[in-house]
Amino acid sequence: MESNTFAGDAPEAAPVVSVRVDDSDPDEGVCTGTAIDPHWVITARHCVDAAVKPGGSVRTGQGDLQKVYKVDRHEVAPRGDIALLHTEQEMQLERFAEVADELPSGDATIYGWSSDGSGGTTRLPSAKAEVEGESELALYDAPSALRVGLKHGARIQPGDSGGAVFSGGKVAGVMSAGLFEDPDNPTEREMTSNAAVAVAPVADQAQGIRDVGAGEAGSGSAGASAAAAGTATPWWVWAAAVVAAVGAAALAAGAAGAAGKRGGAGAA
């Protein structure tokens, strides 16, 4: 992200991580994510779709306090540009982000770990933002998407995709692609490219997202008892069938094309 402000030691930003979907190529597959559990990071699905196979890593912290954790699997949402990454080892963070149950409105805050951004790979840029309404760029058969405008000259870049939109201190959405204020105006396109971002809201899937971590924590006898008692099916059990039904490949191609035409924040 290009911004004049940085996260510093803000508690809200502590769980924001840099995501690399393919460690074999240091110049490709960079996104942003947010740790919501010792093993789970929420990010954009189009970042995961760029991976040749499940894997990669996440980098936590800033400056000299950074650590890298290997990722061993990905889980995609049944709808929307949302995915979860699972780390082999527990991430050693003092705080993990909460997932919001309500749609964001009004003021928000975003963070982006683009390696080309204002902070490079050691300082996390931040930006104040405002939820402006709905966006037409609702990817992966999402029922809706939000348009969030950045303030004070901040701009989204490739590598910021998957970063959370924080509202009320909680993860309220995931960044999908940068937008132009007016794609048909060449002057404005040059001056305000990526001044807004299309966001996949998490409210309608918040419980399912939380159930992923809860399901893993209860995978022993307690988890089996819960399943026998008829608790909700974990997210990833039914996600694959739903995604297949809506044509994941076509939607992924659309995401890449839209990001390219609109100055997208997606991973290259």
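Residues numbered from 1 in each chain as written. Predicted model: local features only at pLDDT ≥ 70, side-chain atom pairs only at ≥ 80, totals over all residues. Heavy atoms only, no water.

**Side note on the sheet that holds strand S4 (residues 40-43)**
What counts is decided by this rule: Two strands are counted as paired when DSSP detects at least two bridges linking them. Numbering of helices and strands runs from the N terminus, with a helix taken as a DSSP run of H or I at least four residues long and a strand as a DSSP run of E at least two residues long. Interaxial angles span 0 to 180 degrees and are taken between N-to-C directions of axes, which are lines fitted to C-alpha atoms, for helices over the stretch in contact.
The sheet built from 6 strands closes into a barrel, its strands ordered S2-S3-S4-S7-S6-S5 with antiparallel pairing. Within the sheet, the average angular offset between the axes of one strand and its neighbour, ignoring direction, is 40°. Note: strand S2 (residues 16-20) against strand S5 (residues 57-60), 3 bridges, orientation antiparallel. From the neighbouring strand, Ser18 faces S5, where its bridge partner is Arg59.

**Remarks on the layout of surface pockets**
Heads up, the condition is: A cavity here means a set of 1 Å grid points, computed over protein atoms only, where a 1.4 Å probe fits but cannot escape. A pocket is an open set with protein on both sides within 12 Å along at least 5 of 7 lines, and lining residues have an atom within 4 Å of a point. Grid points are joined across faces, edges and corners, and a volume is the space filled by probe spheres set on the points. When residues are sorted by character, Ala, Val, Leu, Ile, Met, Phe, Trp, Tyr, Cys and Pro go into the nonpolar class, Asp, Glu, Lys and Arg into the charged class, and all the rest, Gly among them, into the polar class.
Counted as a void, the largest pocket has a volume near 450 Å³. As for the largest pocket, its lining consists of 17 residues, of which Ala14, Gly61, Gln62, Leu65 and Leu93 are closest to the centre. Here the residues of the lining of the largest pocket sort into 8 nonpolar, 5 polar and 4 charged.

**What about unusual backbone geometry?**
So the rule is basically this: Under the scheme applied here, a residue whose accessible area is under 20% of the maximum for its type counts as buried, over 50% as exposed, and between as partly exposed, the area being computed with a 1.4 Å probe on protein chains only.
Of note, the phi angle at Tyr140 is positive, near 55°, even though the residue is not glycine. Along the chain, the position of Tyr140 falls in the loop between strand S9 (125-135) and strand S10 (145-150). We classify Tyr140 as buried; its relative accessible area is 2%. Phi at His152 takes a positive value of approximately 60°, unusual for a residue other than glycine. Topologically, His152 is positioned in the loop between S10 and strand S11 (164-167). Note on His152: relative accessible area 68%, which makes it exposed.

**Some remarks on the state of the cysteines**
In a disulfide, the sulfur atoms of two cysteines are covalently bonded to one another. Spelled out, the test is: Here, a disulfide means two cysteine sulfur atoms that sit within 2.5 Å of each other.
Taken as a whole, this structure holds 1 disulfide when the rule is applied. The disulfide partner of Cys31 is Cys47, and the gap between their sulfur atoms is 2.0 Å. Across the disulfide from Cys31 to Cys47, rotation about the S-S bond amounts to roughly -95°, and the bridge is consequently left-handed. Of this pair, Cys31 sits in strand S3 (residues 30-35) while Cys47 sits in helix H1 (residues 45-49), and the two are 16 residues apart along the sequence. On the basis of relative accessibility, which here comes to 0%, the residue Cys31 falls in the buried class. By relative accessible area, Cys47 is classed as buried at 0%.

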